[in-house]
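What the coordinates show
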Amino acid sequence: MNDAQMIHTDLDSVLSAEELTAIDRELSHVPYKSGAAIDALKIVQAKRGWISDQSLQAIAKYLEMSAEELEGIATFYNLIYRRPVGKKVILFCDSVSCWICGCDGIKQKITDVLGINYGETTEDKEYSLIPVPCLGACDKAPVMMVGDDLVTHLDDAKIDELFTDKAKYSGGNT
Amino acid sequence: MPTIYVDDQALEVAQGENILEACLNAGLDLPYFCWHPAMGSIGSCRQCAVVQYQNEEDTKGRIVMGCMTPVTEGARFSLNTDNASKFREAVVESLMLNHPHDCPVCGEGGECHLQDMTVMVGHRDRRYTGKKNTHRNQYLGPLIHHEMNRCITCYRCERYYRDYAGGNDLAAQASHDHVYFGRHEEGVLQSEFSGNLVEVCPTGVFTDKPFLKHYSRKWDLQSAPSICSGCAVGCNIAPAERYGKLKRVHNRYNHEVNGYFLCDRGRFGSGYINSDSRLDYAGIKKPDGSFMAVHQQQAIDTAVEWVKNKKVAGIGSPRGSIEANYLLRELVGAANFVPGFSDREAGILKAIVRILKTTTAINPSIKQMETADAILILGEDVTNTAPRVALGLRQAVRNKAFELAAQMGLPQWQDAAVRNLAQDQRSPMIIVSATDTRLDDVASQCISLSPDDIAAFGYGVAEALSGRKSQDEMVNQVAAVLAGANNPLVISGASMLHEGIVNSAVAVAEQLHSCDKPSMLSLCVAESNSLGLALLVDDPNSDANMSIANLTKQASDFDVVIVLENSLERRGLSEQIDSLYKANTKVISMDILENTTLANSDLVLPAASYAESQGTVVNSEGRAQRYFPVYQPSTERLPSWQWLLKLAVGCEHGGLANLEYFDQVVAACANSQAAFGRLVDVAPMRDYRNQGLKVPRQTHRYSGRTAMHAGVSVHEPQQPQDSQSPLTFSMEGLNRESPAALMPYVWSPGWNSNQSLQKFQAEVDGPLKGGTAGVHLISSDASGAVEPAVPITPTLKPHHWRLVPVHQVHGSDEMSVNTDEIAQLAGRAFIAVGAKLAEKLGVTEGDGLIVAPHNTELSLQVKILSRVAKNCVGFSAGYLETLDLQPGDLVTLSKDEAWVQPTSTVIATDRGPAHV
C-alpha cells in the first residue's frame, strides 16, 4: 500500500508507543504543541530513517497542526528527509572554506566512486549525498559527515579508503 | 504630525505610519510586493528600498526598507538616488531569474503587479541565461488555478490565507530557491475566502479558474459598480463582462463594508447568470402545460389584458430590488402585496426592523465590528450566513494582539512582530450555537445549546449584566467578559428562524448600554434585500401583514397573482403554494432562472440578473446601496422593474403610468414613505457628469469594440446607449475622481493591477476619494428595544430530535448554487449529527439516515459534526432536498439500511474523466 492509499487510514495508530513517549517528553517543555514539531520529526526520523507522508500526517494530528503547517517545517530543514535515504547520509560541505580547499574535486570523486549526485541514494541503499553549507570545521577543510562521523582533510585517497575498501575505514576523525 | 523629507521635498505625514505608506499617501510611486494595506509589513520582498540619511550633511545614506521604517520627525529619505533605484531594479531582476516569460498566456497579464513593478523600476534587459526553477502545480479545487512557477516568494498568499483568513491548508514549504506555496497534497482549498488569493497574489500563481475558461484581458472587460446578491452583507463588487457573458467578479473597495476582500460565494457564485437555465423568452402556458414562447410586447399585452381592472395580488422578493418591490406594491395596492418571506421569516424581520429603529446599540459596519474587543455570537454560524462578517471577526479577535503591541510600542503594521508577540492570545469571542461553526477555531469559548436554550442563555447573560447572577456559572462568566470590554459586540440573526434568539441578543445589547457600554448589535438576515423589503412593508400602525400563507388561502379572491423573483417553494409551505397553483387564479412570474414557481405559472417573464439591471438593496447594516448594469440584457429579457413599469403603463396605473426612468421610480419610492427618503442619495442620478462626461464602463484600452461581433455580423453595431444611469457603455470619460458609488474598476497610469486602488483612496487603507458608497436608511431613536421573551417550545418527546438548520456558504444560497463550481463544492444535502449519536444510530459519515418529521420521511446522507447540542440534529439549510424540513420540528432518526453511498459527489470537474 502506498502513501496515497494510506492517507485516510487511522493516523492514531501510525506512531509507536516509544515514539509517542519521546514526543510527550518534548511536549512537556513547550507552551504550544506545535513548538515540539521539529523534535517530533527528529524522533520519528531517528526510528524510521525518513518522514513519510503518513508519518507526517500522524505527527501533525498528534500535535494538533494541519499537515500543511507541519509540511512547511519538515521541508524547510534539509536534515528532515521527506524521501527515503540510505543507511548513512553523507553531508558534504560546499561552503567557502571547503570550496577554497578544493571540495569540488572531492565531490566529483564521491560521485565517481558511489555513482550518486546530490540528492541521490546508492543502489544498495547504503549512502545518500546531500550538500550542507558548513559543518563548523573549517580548520580541517574540506570536510563532510558520513552518518554521525565527521571526516576531515578530505582527499581522493580518503574517499577511496572510505567507500571502496570499507574494511579499512575505522572511524573518520583523523 | 511629523515632517519628513523625501528627495528634499517636505511631507507632512501621520504619526505611526511607515515610509512606504507615507510615500504612497503623498502620491509617490514606491514599488512594493509583500506589503498589503490590510496585512501590514514583514519586509520580506526588499522591493520598497529607499535611502535614509542621518542628517542634512549625510550624502551617502543607507538603504532601509520603506515598509519597515517608521516615520520620525525630520527624517530624510530618497527614493530617486541611484543607490535606491538600482537596488530596487536589482531586486526585480533577481525575482525575474526564475519567473517564466509566459505573460502572453498568463491569466494575470495586463493586471499584474509584478509587470507594473518591473516597468516601474526600469528593469528591461534580462541578463540571466541559466535554467529557471520549475515546480509541479497542484489541483486546488474548482475555483483557484495554481501556477507555481510564477511565484516571487513574497509570502502574501500564506499571510493572507493563514494569518488573515484563518485557513490552515495552504503553507509555505521548503526554503531558499525552491520555496513552494501549496497544500500538503492536492485538493480543494478549504477556506471560504480562498478566492481573494487571486487578488492578493501580485502575479499569476493563483488565478480565477472559472474566469480562465472564458478569459479576457482586464482592459477588454466592461465593468460596473455592483452589489453582491449572495447574502445580506452587501459587499461591493465589480462584475465584468465581454461578449455578452459575465466573465468574473472582482472586489470593489468599500472602506466600511468589504474592504479588499470577498467570500467565495460572492466572487464565484455568479456563474448562474451565464447558465442554460436562464429564461430566453417570455412564455404563455398552453392548455397542455407547456409554454409558448412569445416576444416581449406580446407578453406585456397579455399581462395587461389579465391585470387591467382586475383584482390582483403581488408577492414580492427579498432578492429583488427595492424599486421592483415598490413598483409591484404600487401596482397591486399595499393591501394586496405580501413581501414573499416565509411566515416565520416575516415575523423575525418585522421584529428586526422594530429593533433597529429603537435600539440603543450601534448597528455596526464590518469596519466597526473589527474594533470589538469582546464578541458574543448567539445562534449564528456567521461564516456560512454572512461570510464577509466572519472575516472581519477574525480581525477583531486580534485586538488583544494590538493592545499588547501598543504596550510594547510596536506599530500595528509590524505584522510578524505583533503576531509573534501575541501567539494565540486573542480578544474573547464566545460562540453559543446549536452546531459547530467555522469560527470555533478562534473562539475563546464554544457552547452548544439547542435554539431555545441559546435564547435562555442570552437572557441569562442580560440578567447577569443587570446584577442578577445566574445559577449557570458559564452565563456569569460570559457576562463578566462583556462587562469587562470597552467595545462589546453582540451578533445574532435570523438563520435559525428563532425569534427568541434574536430577542435575547437584543436584551444583552440593551443591558450593556445600561451598563454604560457603547455596545454594538449586528443581526444577520438572509438575502441581499431582506431588510429593504422588510422596511417596505413596515407599517407600525398596522398589524395587517399578509403572509404568503394567508394569500394562498384567499387565492380564489384574486384574478391574478404576480410573483416577483421568488421561488415560493423555498419559503416552506409547499401545500399552500400548491393550492395557489391549483386555484383558478392566473399566476404571472418573473425570474432569472427556471424554477418550480415559473413552471407553475401561466405567464413567465424573463428577468435580467443583477448584472444586467439596476436597483437598490439594503444590507443587514441598514445601508442602502445601488448596483448598476454591467451590460444590457439580451433582447427579450428586461429588468423586473421595467417589466412592472411597462405593465403599469399598459394598465394606465394612476401613480406609475407617467414614470419612465429608473430615477423617477427611485424618487417616487423615496416620496412614498419616510424610511426611503434618502434613497435618492444612494448614488448619483442619471444626469451626473464628470467633466461633462458619463462614467465609462470600459477601460481606455478596450479593444475590438466595433469588430468583436463580426463573427455574427460584419455590420458595425451601434454601441448600446444607457439612458437610465450615469454610466456609459464606452471607454470615453474619466475613471477616476467619481463618487464611490460609481467606481466600475480601478486603474491608474503605471498601475494596471488592482493595487492601483491606493490611487483611489484618500489615504492608505482609508475611504475612497469619492467617499464611501451607501446610505443608512435606518436611524434608531435610541429609545431602547424591548422585545418580549418568546415562550419556550414544548419539551422533547423520547426518541425525537429537534431539527436545527446548518447553513453552508456553498449550497444554502438559492442562486449561486446554480453555478457549476459552487454546486460541486456544495455537495449533497445532509443530516448532521454528533459522533455519539452517530455511534448510537450505528452510522458513520456518508451513510444514510431516515429522517421522519410528521408523517413524511426522507433519506439523507450523514455528516458528522464536532459539536451538536443535546437532542438536536442539523440539516443542510436551503438545499432542494431538505426544503420541507422546518427548523424546530421534532424528528425520529433511523439508519437507512438501503442507502447506497454515492460513488462520487462530483457534478462538474476540470480534472478529466479519471476524477469523476
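Residues numbered from 1 in each chain as written. Chains lettered and ligands numbered in written order. Predicted model: local features only at pLDDT ≥ 70, side-chain atom pairs only at ≥ 80, totals over all residues.

Some points on the environment of V475 of chain B
Residues and elements named next belong to chain B. The test is simple: Runs of H or I in DSSP of at least four residues are treated as helices and runs of E of at least two as strands, each being numbered from the N terminus. Residue burial here comes from a neighbour count, namely the number of other C-beta atoms, placed from the backbone, that lie within 10 Å of the residue's own C-beta, with 20 or more meaning buried, 12 or fewer meaning exposed, and in between meaning partly exposed. Contacts here follow a simple rule: the backbone-placed C-beta atoms of the two residues must lie within 7 Å.
Of note, V475 is situated in helix α17 (residues 473-483). Given 23 C-beta atoms within 10 Å, V475 falls into the buried group. It is 46 Å that separates the C-alpha atoms of V475 and Y139, two residues lying 336 residues apart in sequence. When near neighbours in sequence (up to four residues on either side) are disregarded, V475 contacts F457, G460, V461, A464 and S470.

Some details on the environment of L114 of chain B
Residue and element names in this part refer to chain B. Among the secondary structure elements, L114 is positioned in helix α3 (residues 113-121). Sequence separation between L114 and H99 is 15 residues; the distance between their C-alpha atoms is 10.0 Å. The residues contacting L114, other than those within four sequence positions of it, are I152, P202 and T203.

So, the domain arrangement of chain B
Residues and elements named next belong to chain B. The condition is simple: The split into domains, and so the bounds of each, comes from an automatic or database assignment of domains. Here the nonpolar group is Ala, Val, Leu, Ile, Met, Phe, Trp, Tyr, Cys and Pro; Asp, Glu, Lys and Arg are the charged ones; every other residue, Gly included, is treated as polar.
Here the domain parsing of chain B yields domain 1 (3-96), domain 2 (282-345 + 532-775), domain 3 (361-388 + 415-436 + 447-518) and domain 4 (801-913). Relative placement of domain 2 and domain 3: their C-alpha centres are 36 Å apart. The interface is formed by 5 residues belonging to domain 2 together with 5 residues belonging to domain 3. Its residues placed into classes, the side of domain 2 that touches domain 3 shows no nonpolar, 2 polar and 3 charged.

Details of the domain arrangement of chain A
Split into domains, chain A comes out as domain 1 (3-76) and domain 2 (88-168). Computed over C-alpha atoms, the centres of domain 1 of chain A and domain 2 of chain A are 30 Å apart.

What to know about the environment of A422 of chain B
All names here are of chain B. By secondary structure assignment, the location of A422 is in helix α15 (residues 415-422). When the C-alpha positions of A422 and E403 are compared, they lie 9.4 Å apart, and in sequence the two are 19 residues distant. Setting aside chain neighbours within four positions, we find A422 in contact with K400, A401 and L404.

Considerations on the sheet that holds strand β36 (residues 890-895) of chain B
One key point about sheets: their strands pair by backbone hydrogen bonds, in either a parallel or an antiparallel sense. All names here are of chain B. Our working definition: Strand pairing is defined by DSSP finding a minimum of two bridges between the two strands. In this analysis an axis means a line fitted to C-alpha atoms, helices contributing only their contacting stretch, and an angle means the value between N-to-C directions, from 0 to 180 degrees.
The strand order around the closed barrel built from 6 strands is β31-β35-β32-β34-β33-β36, with neighbouring strands paired in mixed fashion. Taken pair by pair, the neighbouring strands of this sheet meet at an average axis angle of 50°, ignoring direction. As defined by bridge partners, strand β31 (residues 801-806) adjoins β36 across 2 bridges and the pair is classed as antiparallel. Bridged to R802 within β36 is L890.

Focus on the nonpolar core
General note: in soluble globular proteins, nonpolar side chains tend to be found buried as a group. All names here are of chain B. Which entries qualify depends on this criterion: Here, a nonpolar core means buried Ala, Val, Leu, Ile, Met, Phe, Trp, Tyr and Cys residues linked by C-beta atoms lying within 7 Å of one another.
Core analysis: the largest hydrophobic core is formed by 276 residues, its most contacted members being L327, I352 and V873. With 9 residues, the top contributor of residues to this core is helix α16 (residues 451-465). In this structure, V873 is in contact with W801, L803, I831, A832, V833, V868, V891 and L893, ignoring residues within four places of it in sequence.

Considerations on the sheet that holds strand β27 (residues 623-627) of chain B
Residue and element names in this part refer to chain B. The antiparallel open sheet is built from 3 strands, whose spatial order is β26-β27-β30. With partners counted over all chains shown, the strands left at the sheet margins are β26 (615-618) and β30 (775-776), one partner each. Two elements, β26 and β27, share 4 bridges in a ladder whose sense is antiparallel. Looking at β27, one finds that T616 is bridged to R626.

Digging into the pairing of β26 of chain B
Of the two faces of β26 of chain B, both are covered, the one formed by G615 and V617 of chain B as well as the one formed by T616 and V618 of chain B. Taken together, β26 of chain B and the strand that follows it, β27 of chain B, pair antiparallel across an intervening segment of 4 residues, in which G622 of chain B is found at a positive phi of about 85°.

Description of unusual backbone geometry
Cis geometry is found at the peptide bond from A141 of chain A to P142 of chain A, where omega equals -10°. Mapped onto the elements of the fold, P142 of chain A is located in the loop between β2 (127-132) and β3 (144-146). With phi around 30°, H176 of chain B is a residue other than glycine that occupies positive phi space. In this fold, H176 of chain B is placed in the loop between β7 (171-173) and β8 (180-182). Even without a glycine there, the phi angle at A782 of chain B is positive, about 55°.

Details of α3 of chain B
Residues and elements named next belong to chain B. Short version of the rule: This arc is taken over the directions from the axis of the helix to the C-beta atoms.
All of the buried residues along α3 are H113, L114, D116, M117 and V121. When α3 is viewed along its axis, its buried side chains cluster within an angular range of 160° and face the same direction. Tucked into the core, α3 has its buried residues touching α2 (82-96). Following α3 by one or two positions, G122 adopts a phi angle in the positive range, close to 85°.

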